[in-house]
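# Commentary on secondary and tertiary structure
Here are the chains, one letter per residue:
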Amino acid sequence: MGVKLARRITVKLQAEGTTKVHVRFKGGKIQTLTTSSPKSSAQQIKTQPGIVELVDKLLDDHVYSEIAELLNQQGYRPGEAARRGRHDARFTPKRVAYLVHEYKLRPRYDRLRERGMLTKKEAAARLNIHETTLTSWVKHGLVTGHSYNGHYCLYEIPDKDVPQKQCSRWNRLVDRAAARAQNTSAA
């Protein structure tokens, strides 16, 4: 048989995430205990706000796969790592995309467009060249392409020394790119 020590126990949930327990013993003594309220399972696996802020900053210069790799290298783990048996969970591009969507972060595409980057069609039209030529110019460094999802790019047209279309097999693109690099480094 068990011995009853407490006459009455009252539990009060506090607004700031704590719980107060009042225990009245048979002799009349009252003791109050304060403890933190247990987190719901959703709260336990929620990604830390600092990680979300870091992802927001990294979106300015990186695509999802690069962000996932950087977070993993720095030792960050997704909220899922709090679950039993999942302590080795790692960030993936899909998890980064989920964070961007869930926390309504501005997508990389919008950030690049805001900085004045152009789509392939717009850049080709501005330079008066074919889209295939634009791809070749990016490959040789005459125009800069900024990936926004790992597959597609937005393009940055230089403000000065804009490359010109030339139709001569004697003036090869490789030579033009090398001359341009030399002029840039000399300046």
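Heads up: the structure comes first, above all this text.
The present account deals with the structure reproduced in this document. (Residues numbered from 1 in each chain as written. Predicted model: local features only at pLDDT ≥ 70, side-chain atom pairs only at ≥ 80, totals over all residues. Heavy atoms only, no water.)

## Overview of a nonpolar patch on the surface
A cluster of nonpolar side chains, I9, V11 and L13, forms an exposed patch at the surface whose accessible area comes to about 340 Å². Note on placement: V11 falls in strand β1 (residues 6–13). Residue classification places V11 among the exposed positions, given a relative accessible area of 53%. (Patch = residues over 30% accessible without salt bridge, like charges linked within 9 Å, V, L, I, M, F, W, Y side chains within 5 Å. Areas by Shrake-Rupley, 256 points an atom, 1.4 Å probe, with all protein chains shown as cover. Salt bridge = Lys/Arg side-chain N within 4 Å of Asp/Glu carboxyl O. Helix = DSSP H or I, 4+ residues; strand = E, 2+ residues; numbered from the N terminus. Buried < 20%, exposed > 50% of the residue type's maximum accessible area, 1.4 Å probe, protein only.)

## Quick word on the sheet that holds β1
Here we have three strands laid out as an open sheet, ordered β1-β2-β3, and antiparallel in their pairing. Strand pairing shows two members of the sheet lacking a second neighbour, β1 and β3 (30–36), which therefore form its edges. Adjacent strand axes in the sheet meet at a mean angle of 20 degrees when their direction is disregarded. Relative to β3, strand β2 (residues 18–25) runs antiparallel, the two sharing seven bridges. For T18, the partnering residue across the bridge sits in β3 and is S36. (Pairing = 2+ DSSP bridges. Axes fitted to C-alpha atoms, helices over the stretch in contact; angles between N-to-C directions.)

## A word on the packing of helix α3 (residues 64–73) against helix α4 (residues 93–102)
Packing of α3 against α4 brings their axes to within 8 Å, and their N-to-C directions diverge by 105 degrees. On the basis of the axis angle, α3 is roughly perpendicular to α4. Contacts between α3 and α4 involve Y64, S65, I67 and A68 on the former and, on the latter, P93, V96, A97 and V100. Across the contact of α3 with α4, the residue classes break down as seven nonpolar, one polar and no charged. (Parallel < 35°, antiparallel > 145°, perpendicular 65-115°, else oblique. Contact = heavy atoms within 4.5 Å. Nonpolar A, V, L, I, M, F, W, Y, C, P; charged D, E, K, R; others polar.)

## Focus on the environment of W137
Topologically, W137 is positioned in helix α7 (residues 131–139). Separated by 40 residues in the primary sequence, W137 and A177 place their C-alpha atoms 8.5 Å from one another.

## What to know about the environment of T19
Here T19 is to be found in strand β2. Separated by 17 residues in the primary sequence, T19 and S36 have C-alpha atoms spaced 5.8 Å apart. For T19, the residues in contact, after removing those within four places along its chain, are V11, K12, L13, L33, T34, T35 and S37.

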